[in-house]
Amino acid sequence: IVPEGLPIILVTTLAIGMRNMARHGAIIRRMKAVETLGSTTVICTDKTGTLTKNQMTVKRLMMPKIVYDVTGEGFTPEGKLSIGGKELDDDEMGAMQQNLGFRLAAATLSLCHNSQIALTDGQWSAIGDPTDSACAVLGYKFNGNVAKFAQRHQRIHEFFFDTDRKRMSVIHDYEGENWVFSKGGAGGYKNHVSWKITDGE
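How each quantity is defined
Each chain has its residues counted from 1, following the order in which its sequence is written. In view of the model being predicted, local features appear only for residues whose pLDDT reaches at least 70, and side-chain atom pairs are presented and counted only at 80 or more, with totals across whole chains, interfaces and linings using the full set of residues. Where side-chain values are given, they derive from all heavy atoms of the structure, hydrogens and water being excluded. Two kinds of site are reported from a 1 Å grid over the protein atoms alone, namely cavities, where a 1.4 Å probe fits but cannot get out, and pockets, open sets with protein on both sides within 12 Å along at least five of seven lines, and residues are called lining when an atom falls within 4 Å of a point. Grid points are joined across faces, edges and corners, and a volume is the space filled by probe spheres set on the points. In this classification, Asp, Glu, Lys and Arg are treated as charged, Ala, Val, Leu, Ile, Met, Phe, Trp, Tyr, Cys and Pro as nonpolar, and every other residue, Gly included, as polar. Lines fitted to the C-alpha atoms define the axes, with helices restricted to the stretch that makes contact. Angles between their N-to-C directions range from 0 to 180 degrees. A run of H or I in DSSP becomes a helix once it reaches four residues, and a run of E becomes a strand once it reaches two; helices and strands are each numbered from the N terminus. In these notes the angle categories are as follows: under 35 degrees is roughly parallel, over 145 is roughly antiparallel, 65 to 115 is roughly perpendicular, and the rest is oblique. Whether a crossing is left-handed or right-handed is set by the direction in which the near helix is turned from the far one by less than a right angle, anticlockwise for left-handed and clockwise for right-handed. Every residue pair with non-hydrogen atoms within 4.5 Å of one another is taken to be in contact. To estimate the expected span of a helix, count its residues, drop one, and scale the result by 1.5 Å.

Here we look at empty space enclosed by the protein
Where empty space is left in the structure can be found by rolling a water-sized probe over the atoms. For the coordinates displayed, the defined rule picks out one cavity of 30 Å³ or more. Of the volumes computed, that of the largest cavity is approximately 30 Å³. Around the largest cavity, the lining residues are M56, T57, V58, A134, V137, L138 and K141. Each residue belonging to the lining of the largest cavity can be placed in one class, and the counts come to five nonpolar, one polar and one charged.

Points about the packing of helix α4 (residues 100-111) against helix α5 (residues 130-143)
Contact geometry of α4 with α5 gives a least axis separation of 7 Å together with a crossing angle of 130 degrees. On the basis of the axis angle, α4 is oblique to α5. Every pair of crossing elements has a handedness; the one defined by α4 and α5 is left-handed. Touching F102, A106, A107, L109 and S110 of α4 are C135, A136, L138, G139, Y140, F142 and N143, all from α5.

Structural notes on helix α1 (residues 6-23)
With 18 residues, α1 ought to run about 26 Å at 1.5 Å a step, and its terminal C-alpha atoms sit 26 Å apart, in line with that. Phi turns positive one or two residues past the end of α1, at G25, with a value near 85 degrees.

Interpretation in functional terms is not warranted from these geometric data alone.
Take a look at the structure:
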């Protein structure tokens, strides 16, 4: 009892609808969903990576009295610091590495995480929390391979992130001394990124 031309008309109509939605940047996997989406007025989503690449990137580094822009995208550990659109050259970066505050901030980025950044089949990837991975990639840009950097500075203890402290802290042997590196909510630490452990405390 169904006219034999109806299925063809239905498929053609849905295909035209998919094409029109594609022009607006909406890609639909199942053709039958066009009819439902055509009557949708509001779509609510969360940022879990379903609609994005799930690759967080640090784009700005704020230090006392100065803010740096950071170039680069995703997990590829290639990028430079810039101020006002002007990239810092190697001499300027070398001078920054002599500054203890900057060196400790860079060390925090390289040590205070549990992510692994690796080049596999020509593609950079990360295993771990997206925020940790973003920090690790920026640490990679400053200190080179974060895994080798961590091997040179042995981890002594780790305080995992929890809802009470709202931060992750690690103790490392850094430049011959024990330092605590922390990331997360500053809380009672008054926005310091690193602390030296002395007298066994």
